[in-house]
Amino acid sequence: MSWNPRTLPPLAGKTFVVTGANAGLGYFTSEQLAAADAHVVLACRNPDRADAALAALRGRVQGASVSTITLDVADLESVRSASESLLQFPRIDGLILNAGIVHPPRDRQVSPDGNELVFATNYLGHFALTAQVLPALLRTPGSRVVSLGSMISRLMDSALDDLQLETGYDLWKAYAQSKIAMQVFGFELDRRLRESNVGGPDGVQSMVAHPGYSISGLTPGIPGVNEPTRRKRVIGGLQLAIGAQGKHQGAWPIVRSAVDPDAVGGQYYGPRWLTRGRPARQAPTRTSRDAAIAARLWSRSEALLGVPFPA
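This section reports on the structure supplied with the text.

Rules of the game
Residues numbered from 1 in each chain as written. Predicted model: local features only at pLDDT ≥ 70, side-chain atom pairs only at ≥ 80, totals over all residues. Heavy atoms only, no water. Helix = DSSP H or I, 4+ residues; strand = E, 2+ residues; numbered from the N terminus. Buried < 20%, exposed > 50% of the residue type's maximum accessible area, 1.4 Å probe, protein only. Contact = heavy atoms within 4.5 Å. Salt bridge = Lys/Arg side-chain N within 4 Å of Asp/Glu carboxyl O. Pairing = 2+ DSSP bridges. Axes fitted to C-alpha atoms, helices over the stretch in contact; angles between N-to-C directions. Core = buried A, V, L, I, M, F, W, Y, C linked by side-chain atoms within 4.5 Å. 1 Å grid on protein atoms, 1.4 Å probe; cavity = no way out; pocket = protein on both sides within 12 Å on 5 of 7 lines; lining within 4 Å. Points joined across faces, edges and corners; volume = space filled by probe spheres on them. Nonpolar A, V, L, I, M, F, W, Y, C, P; charged D, E, K, R; others polar. Right-handed = clockwise from strand over helix to strand, strands pointing away. Parallel < 35°, antiparallel > 145°, perpendicular 65-115°, else oblique. Left-handed = near helix turned anticlockwise from the far one by under 90°. Phe/Tyr/Trp six-rings, centres within 6.5 Å; stacked < 30°, edge-to-face > 60°.

A short note on the side chain of Ser147
Within the secondary structure layout, Ser147 lies in strand β5 (residues 144–148). The exposure class assigned to Ser147 is buried, which follows from its relative accessible area of 0%. When sequence neighbours within four positions are dropped, the list of residues in contact with Ser147 reads Leu97, Met182, Phe185, Gly186, Met207, Val208 and Ala209.

So this is what it looks like as structure tokens:
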């Protein structure tokens, strides 16, 4: 159906948690939700950057209802602490799993818990966060989890057999695997919620979204949030010709997944023209919906956390 990303349904009284909300896609997702009168929780690793985003958002959205919480998704202890705080909210209408490493390190690094850093940041911490915040989602009718995937899943594939990349690290493989894992998780979560009879329109729904080819050089400049150099602006202008767009536009499929009243769990949204454009429903890759890959990923994730996912 036609969807205007600049005219959202009213969201007063609803609460959305956005991880990595201090910059890029996370910030613009938060701004768009706040502009529709939602309360938005900016869940960020760096408190100073979170405060800068908070100030920017309040300056750009009159009467914005926003707050911050410290969350480092790469650190499972930080995830536990943030989850305890989030469970104090009377409702969580949307949990948007956006935080991540976009430019992975050249050499393999590990998280505080000993997991490969890109995998831990982009995927495992979000798996843990969703599991721990699930009670708040369950008590909120029509709540949603939005997992942030990537169009890199169409360019690179992986059966997710070596999640820790212990037999050979490559930065692009690390990023691709983490995003494929997020897509696999999002679709598998929806299936498991339905099987547990807590999914569906009145329960918790899980969606997946990707932002297309969204870059800083085509994104509005906001002090403390997005301050691209002149060089990035020039490069951004050149990339416009090959389908790039700004991150404010890349946030559109994420927001649609979170608030479109006609969207349902298990759907996949991205820019209409793959790399850019208004948000539209798309078909995910075969790997993203592979039941065997999902079962292995789920089991391995539970083993790494040492506790079962409650769904």
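Details of the pattern of salt bridges
Pairing is possible between side chains of opposite charge, provided their charged atoms come close. Inspection of the entire model under this criterion finds nine salt bridges. Linking Arg191 and Glu195 is a salt bridge whose minimum nitrogen-to-oxygen distance equals 2.6 Å. Taken together, the residues span about one helical turn, with Arg191 and Glu195 both in helix α5 (residues 171–195) at a distance of four residues. Overlapping salt bridges, with partners in common, bring together Glu188, Arg191, Arg192 and Glu195 in one network.

Quick look at the sheet that holds strand β1 (residues 15–19)
Reading across the sheet, the eight strands line up as β3-β2-β1-β4-β5-β6-β9-β10 and stay open at both edges, with mixed pairing between neighbours. Here the strands that pair on one side only, and so sit at the sheet edges, are β3 (65–70) and β10 (279–281). Each strand of the sheet is rotated relative to its neighbour by a mean of 20°, with strand direction disregarded. Strand direction decides the pairing type here: β5 and strand β6 (residues 205–209), joined by five bridges, are parallel.

Considerations on the nonpolar core
Of all hydrophobic cores here, the largest spans 42 residues; its most connected members are Leu86, Tyr123, Leu129, Leu160, Phe185 and Phe309. In this view, Leu129 contacts Thr19, Leu71, Val79, Ser83, Leu86, Leu95 and Leu97; residues no more than four positions away in its chain are not counted.

What to know about the layout of surface pockets
There is about 1600 Å³ of room inside the largest pocket. In terms of lining, the largest pocket is formed by 50 residues, of which the most central are Gly100, Ile101, Val102, His103 and Lys247. Of all the secondary-structure elements, those providing two or more residues to the lining of the largest pocket are α1 (24–35), α4 (117–138), α5, β7 (214–215) and α6 (230–240). Looking at which element gives the most residues to the lining of the largest pocket, the answer is α6, with five residues. Each residue belonging to the lining of the largest pocket can be placed in one class, and the counts come to 23 nonpolar, 20 polar and seven charged. Estimated volume of the second largest pocket: approximately 220 Å³.

Thoughts on unusual backbone geometry
For Asp37, which is not glycine, the phi torsion reads 80° and is therefore positive. Mapped onto the fold, Asp37 is located in the loop between α1 and β2 (39–44). One non-glycine residue, Leu160, lies in positive phi territory at about 60°. Its location among the elements puts Leu160 in the loop between β5 and α5. Relative accessible area serves as the criterion here: at 7%, Leu160 is assigned to the buried category.

Re the pairing of strand β4 (residues 94–97)
Where burial is concerned, the two faces of β4 agree: the one with Gly94 and Ile96 and the one with Leu95 and Leu97 are both buried. Taken together, the four bridges between β4 and β5 define a ladder with parallel strand orientation. Paired with Leu97 across the bridge in β5 is Ser147. You can see the chain leave β4, run along α4 and come back into β5, and the turn it takes is right-handed.

A few points about the environment of Val41
One can find Val41 in strand β2. The spacing of Val41 and Phe16 is 25 residues in sequence and 6.2 Å in space, taken between C-alpha atoms. Excluding its chain neighbours within four sequence positions, the residues that come into contact with Val41 are Thr15, Phe16, Val17, Val18, Ser67, Ile69, Leu86 and Phe89.

Regarding the packing of α4 against α5
Close contact between α4 and α5 brings their axes to 7 Å; oriented N to C, the two are set at 20°. Here α4 is positioned roughly parallel relative to α5, judged by the angle of their axes. In this structure, the crossing between α4 and α5 has a hand that is right-handed. Across from Val118, Phe119, Asn122, Tyr123, His126, Phe127, Thr130 and Leu134 in α4, the residues of α5 making contact are Ala174, Tyr175, Ser178, Lys179, Ala181, Met182, Phe185, Leu189 and Leu193. By residue class, the composition of the contact of α4 with α5 is twelve nonpolar, four polar and one charged.

Looking at the packing of aromatic side chains
Inspection of every chain in the model, using the stated rule, returns eleven aromatic pairs. Look at Phe187 and Tyr268: their rings are 6.0 Å apart centre to centre, the planes differ by 65°, and that puts the pair in the edge-to-face class. Placement of the pair is Phe187 in helix α5 and Tyr268 in strand β9 (residues 268–271), with a sequence separation of 81 residues. One exposure class covers both Phe187 and Tyr268, and it is buried. By way of ring pairs, the aromatic residues Phe119, Tyr123, Phe127, Phe185, Trp298 and Phe309 are connected into one cluster.

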